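Read off the chains here:
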Amino acid sequence: MGAGRLNTRAPTADTRDVSVARLLSASASTPYDAEAAVERLLTRLRQQIGASRVAVWVHEATTGTVVPYRQSVSAETTPGSGPLVLHHAMPVAGSPLMSAVVHDRRPVRVEDGDPDAIAPGIAARFGVRSVHGEPLLFGDRLVGVLTVEPVAAAGDRVGQAAPAIARALSAARTRRSEARRLAQAEVLLGLIETAARAESTEHLLAAACELLAELGDAERACVFLLEDDRLVPRMASYADGRRDDGTWQLFRNAPVPLELAETVLRTGQPLAADRDSALLAGWWADEFSIASALAVPLGRRPHVSGVLTLDSTRLRPFSEDVRRLAAAAGAHLGSVIEQARTNEARAASLRTARAVRQMLVDGSGAIGVDKAAEVLARAVQDLTGTERSAAYLIDDDGVVQSVQHLDWSDEHQQVITELVVGSAADDIPLWRVTVRDRRPVFVEDAEASGLLDPQLVTALQLRSYVSVPLLSGDRLLGLVVSGAIESSLQWSPAMHEAVRQVALEGSLVVEAAKLREVEQLRLQQLARDAHHDPLTGLANRRRFTEELERTVYGTGERRCAVAMIDLDRFKEVNDSFGHTVGDDLLSLVGPRLEQALGPGDLLARMGGDEFAVLLPDADEARAREVAVRIGDVLHEAFVLDGMSLTVDASIGISLCPDHGRDRSLLLARADTAMYGAKRGRHGFEVWAPDADTGSRTRLQTLEDLRVALDAEQLDNHYQPKLDLHTGRVTGVEALVRWQHPERGLLAPGAFLPLAEQAGLMRRLALQVLERAIRDLRDWRATGHFLSMAVNLSVSNLQDVALPEQVRFLLDTYGVPADALVLEITEDVLMADAARSQQVMAALRRLGVRLSIDDYGTGYSSLAYLRALPVDELKLDRSFVSSLTTDAKAAAIVRSTLQLSRDLGMTMVVEGVEDEAALDALRRWNCDVAQGYHIARPMPADQLVSWLAGRPADAVVS
C-alpha cells in the first residue's frame, strides 16, 4: 500500500496549533494567562527589532525534541513562507541550529545561504534562509529556544527579552501540565463513554482508534491484541474516520509481525521508530508508507493485553504530549479491553455452556462418527454465527472418505464431491495445520489464507470459516468446517475459547457415539445370534418358534404347515469323517433346502441334523409338494474335500388348524410324523392320530432317559460266564438296567435304541463302563478275580477318545487291562471299518481284550476275523436255542468252534437255557458258556452272595 491509499487528501501547511495544544488552551482559563503573555512578548519583540518572524520552541529533554509552541509573524512576510515546522516536533539532533543552542546553551546565528545549517531538508522547504537562535533559560533549566528571522534583525534586545519570555514560557508549561492532566482525563473519559456505548470489543476498538488517531495528530491508530500468545492485528482507524477495505484486509492478514509492536509487548515500555529503523523497516513500512510510528502497551505489566500504535506517513518525532497521551490511553484502553474481554468471556462462557448442553442433548442419541460429526458441526455453526457446515471424515489411508453437509445447496455439495471427496488429506494445507496443532483454526479471510484451494474457496463463495478437529480420544478422524458466505466474520478471543471448549466436548460426543455404534452392532449381533444358527446362518429354534407363534396365535386364524426334517444317517458322516466335515455338510444342506422353498417360507436349523420349515398359508397339498421338492434337491450329491456324499432326509408334516392350533402340539406332531417317516423309510409322512401314542411314549422315554443319566438311575446287572473246562465262573457280562421311577425296572431294549438315536450312547456307555470297573475292583479286592465284559455301540467304537477314557478308568480303579473285555457287534464294523479298526487297535494296545458279540447274525466278511485284533467270538443265542434238535444249528456251532480254535480265539456261547445244550457244548470242547441255565443277570451285591454260595469248582449239572 502506498501513500495514495493512506491519504485521500493532502495535508495543508497552516498556522493552526495541534489538536492537543488547542485542547490544552481551551481547558486553561485563569486570571493570568501565561500563553497570552508569551504571545504578547513575542509580538512586542518582533515589532521592536523589525523581524519578519519570532517563534518559541519548547524543549522536551525526555524525547530529545523541540516542539513549536507560539510564533509572531509580520504581515509583510513573503507569501508561501510559513512557520518553520509548526505541526510536529523536530528532533534536536536533526537541526544543527537547535542542537548548538540546546547543548551549548548559547545564542547561535546562521547567516544567509546555508539553510542546512538550520535544519537540513526543512528550512529550505519553508524559505528560511537565515535565523538567530536564543536559549530560553529559567534558572538553570533550559525551557525552550527563541528563533528570530532574519538573523540581521537580532540584536541586544533579543537577549534582553529572553528572560521574560522564558519566565512566561515556564509558567505556561506549568499551567499546560495541569491542563494536560485534565485533557488526558477527558480523553480517558471519552474512552470510558465509548466503551459504555460500544456493542462489542470490535466497536470499542474502532471508536478508540479513530479518537486517538485524531488527538495524536497521526494519520492512523492501530490496535494489536494478544491472542493465543501472539500479537494479532485487530483494529485500525484513520483520524478522519474513512474506511479503506483493501487496506483493512491487508492489515488483518499481515504476513509478518510488526517488530516495533513485538518489542513493546516484550518490554512493556512505549517506543517510537522511523522507517529507517529495523523496528519499522520492511513490509509494514513499505505497504502502508509509514514514515514514523509510536507504540505503547495496552494495559500495565504484567497484564499487557496488546499494543497501540500511532503512525504517520511523514517523518516526524512524537512530542512528549502525544507520548503521554498515547501511554495513558493505552494503559486505560488495556484495562477497558480486559474488562470487555472478561465480560465477553463471561457471556461466551454462558453461550458455550448452552451450546455444549445442547450438543450433549443432541449427541446423546447419535450413533456412529458421522452422526456425531453432524452434531458437532451444528454446535459450531450456531456458536460462531456461520451459515453452513460440513464434516469431512478421513479414512485410515488418509483419504477424504465422506462428507456430512449442513445447510448446503445441492450445487455446492456437488463441488465438494468433485473437488474434495477421494482426495488425499495431506494435500490440503488446512488438514496439515490441524494434524500439527490439534486445535480449531479461525480464518477471517478465506481467499487470502491459503489453507484451502483458491478454486474451492471461489466455487463455494466462502468468505470466512472456522475449522474444528474431529477427535475421538487422541485419534484425529477428520475436520468440521463451518463457513460464512454472506460476509466476512471476525471472532474474538472469547469465541476462540468457546469453540475450543465445544471441540473438546465434541470429542466426547464422538467417542460416546462410537461406543454406542459398537454397542448397537453388538446388540444387533446378539439379536442375530439369538435368532440365527451360527453354523448355517439359518434361523434357529427360537426364531422358528416365535414365527410359528405369530402365525398360529395371530389375528386372522391363518393356515400353515410345519415340516420337521431329519437327515438320515448323518451320524455316520460325523463318525466316519469327523465333525468338521459334518459341519461343512450342514452348511451346504441349508442353501440346498432353501431351493425347495418359496418366498415367505421360513427354514430353520433346530439343532444337530434337524431342520424345520414353516409354510405360512399352506395346506396339505402344498406341504406334500414342498416335501417332495426337498427330497429332490437333496438327491444331488454334496462334494466335500473331493468326496461325494449323498444325504437323504425324513420329513414329518403337521398342519394348522387340522392338527391343532398350538405351537408345541404342532411341533410335537411334526416330530412324530418325522420319526414315522424315518422308521418306514418312505421320505415324508403327514401326521395321523393313530401314530401319536407310540411316538409320545417314545419322546417321554427319551426325556426320562436324559434325567436318568443326570440322576444316575441306571444300574448294572451282571450275568456270570462259566468256564466249561474248569467248571468255574471266571467272568461276568455287564448288562445295563434302568430303574424307572414310574415304569419300574426296564431292560436295555426299552431305551438303548433311543439313546443311540438321540446321541446319548457315549455318555451312557461311560457310566456303565465306570460302574463295571469299579465293581470289578471291589470283587477282586475280596478274592474274586473275574473278568468283566462290557458292550460297546456303534457310536462308542467311532469315538477316538474312547481308548484314553478306558485307560483313565483302569488306572483310577487299579484294574488290570486284561480283566476287561469289550464286546462289539459285526454291524459296528460296517459303519466305518477304518475308524473302528483304529479305535480297536488302540484298545488292544492297552491290553484290553476284544470280543465279537452276536457272531453269525451280521453281514461282515470273514476277512475281518483275520484283520481285526479280536480275542474271542461270542456266538449268538439264536444258534443255541435249537442246538439239540436242529442238526444244521449243531453243525454251525461245531464249525464255529473249530474256526475259533484255528484262529486262536476263545469261543463263548450265550443263550444256554438248559442242561442238554450245556452238555453238548462241553462235549464239543466249547470254552465258555453263558445263559439263564447258569445264572440270570443280577445286581452287584447279589453276585457276591451267589459266588460265595458256589463251590470253587462247581459244575452245572
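From a predicted model like this one, the values you see are computed outputs, not experimental measurements.

(A) Region of interest: the pattern of salt bridges. Scanning the entire structure with this criterion turns up 40 salt bridges. One salt bridge in this structure joins Glu910 and Lys874, with 4.0 Å as the shortest N-O distance. Of the two residues, Glu910 is situated in strand 31 (residues 906–910) and Lys874 in strand 30 (residues 872–875); the sequence distance between them amounts to 36 residues. Both residues of the pair, Glu910 and Lys874, belong to the buried class.

(B) Just the pairing of strand 27 (residues 787–791), in detail. Within strand 27, four of the five residues are buried, which leaves the element mostly enclosed by the surrounding structure. Strand direction decides the pairing type here: strand 25 (residues 728–740) and strand 27, joined by four bridges, are parallel. In the sheet register, Ala734 faces strand 27, and the bridge partner there is Val790. Where strand 27 and strand 28 (residues 820–825) come together, four bridges link them in parallel fashion. The partner of Val790 across the bridge, within strand 28, is Leu822.

(C) Quick look at the packing of helix 17 (residues 541–553) against helix 21 (residues 663–680). Relative to each other, helix 17 and helix 21 sit at 115°, their axes nearing to 9 Å. The element helix 17 and its partner helix 21 pack so that their crossing is right-handed. Facing helix 17, whose interface residues are Phe544, Thr545, Leu548, Glu549, Val552 and Tyr553, helix 21 presents Arg663, Leu666 and Leu667. Residue composition of the contact of helix 17 with helix 21, grouped by class: six nonpolar, one polar and two charged.

(D) Region of the structure containing the packing of aromatic side chains. The full count for this structure, using the stated rule, is nine aromatic pairs. Between Trp283 and Trp284 the ring centres are 5.3 Å apart and the planes differ by 85°, which places this aromatic pair in the edge-to-face class. Here Trp284 falls in the buried class, since its relative accessible area comes to 5%. Aromatic rings pair up to connect Phe224, Phe251, Trp283, Trp284 and Phe288 into one cluster. We note Arg70 situated over the ring of Tyr69; from NZ or CZ to the ring centre the distance is 4.8 Å. For the cation-ring pair, Arg388 lies above Trp408, with the distance from its terminal atom to the ring centre recorded as 4.5 Å.

(E) Region of the structure containing helix 17. With 13 residues, helix 17 should reach 18 Å at 1.5 Å per residue; the first-to-last C-alpha distance of 18 Å fits that figure. Within the span of helix 17, buried status applies to Phe544, Thr545, Leu548, Thr551 and Val552. Buried positions in helix 17, seen along its axis, are confined to an arc of 130° and lie on one side of it. On its buried face, helix 17 sits against strand 17 (560–567), strand 18 (602–607), strand 19 (610–616), strand 22 (649–656) and helix 21.

(F) Region of interest: the sheet that holds strand 11 (residues 306–312). Taken together, five strands build an open sheet; the order of strands is 8-7-11-10-9 and the sheet is antiparallel. Two strands bound the open sheet, and with one partner strand each, they are strand 8 (230–238) and strand 9 (271–274). The average undirected angle you get between the axes of adjacent strands in this sheet is 20°. Here eight bridges tie strand 7 (residues 220–227) to strand 8, and the two strands are oriented antiparallel to one another. Paired with Leu225 across the strands is Val232, a residue of strand 8.

(G) Quick peek at the environment of Gln838. Residue placement: Gln838 occurs in helix 28 (residues 833–846). With relative accessibility at 49%, the residue Gln838 sits in the partly exposed group. Through-space distance from the C-alpha of Gln838 to that of Gln798 is 9.0 Å; in sequence the pair is 40 residues apart.

(H) Representation of the nonpolar core. Counting 77 residues, the largest nonpolar core has Met788, Leu820 and Leu921 as the members making the most contacts within it. The element contributing the most residues to this core is helix 24 (residues 761–781), with eight residues. Apart from residues no more than four positions distant in its own chain, Met788 is found in contact with Tyr718, Val732, Ala734, Ala772, Leu776, Trp779, Ala819, Leu820 and Val821. Listed in part, the 41 residues of the second largest apolar core include Leu212, Met235, Leu260 and Val307.

(I) Examining the side chain of Asp871 more closely. Tracing the sequence through the fold places Asp871 in the loop between helix 29 (863–867) and strand 30. Asp871 sits in the buried class, given a relative accessible area of 17%. Reaching out from Asp871, the side chain makes a polar contact with the side chain of Arg844 at a distance of 2.7 Å. Setting aside residues up to four positions removed in sequence, Asp871 forms contacts with Arg844, Val848, Arg849, Leu850, Met905 and Thr906.

(J) View of the confidence of the model for the protein chain. In the predicted model, the protein chain carries a mean pLDDT of 83, and 88% of its residues have values of at least 70. Confidence scores differ between elements of the protein chain, with helix 1 (residues 3–6) showing the lowest mean pLDDT of 30 and strand 19 the highest of 95. Taken together, the stretch residues 78–86 has pLDDT below 50 and engages in 23 contacts with residues farther than four places along the chain or on a different chain. Every residue in residues 953–957 scores below 50 in pLDDT, and together they form 14 contacts with partners more than four places removed in sequence or on other chains.

Calculation notes
Residues numbered from 1 in each chain as written. Predicted model: local features only at pLDDT ≥ 70, side-chain atom pairs only at ≥ 80, totals over all residues. Heavy atoms only, no water. Salt bridge = Lys/Arg side-chain N within 4 Å of Asp/Glu carboxyl O. Helix = DSSP H or I, 4+ residues; strand = E, 2+ residues; numbered from the N terminus. Buried < 20%, exposed > 50% of the residue type's maximum accessible area, 1.4 Å probe, protein only. Pairing = 2+ DSSP bridges. Axes fitted to C-alpha atoms, helices over the stretch in contact; angles between N-to-C directions. Left-handed = near helix turned anticlockwise from the far one by under 90°. Contact = heavy atoms within 4.5 Å. Nonpolar A, V, L, I, M, F, W, Y, C, P; charged D, E, K, R; others polar. Phe/Tyr/Trp six-rings, centres within 6.5 Å; stacked < 30°, edge-to-face > 60°. Lys NZ or Arg CZ within 6 Å of the ring centre and 35° of its normal. Expected span 1.5 Å × (residues − 1). Arc of directions from axis to C-beta. Core = buried A, V, L, I, M, F, W, Y, C linked by side-chain atoms within 4.5 Å. Polar contact = N/O pair within 3.5 Å; in protein donor to acceptor, adjacent residues only side chain to side chain. pLDDT = per-residue confidence, 0-100.

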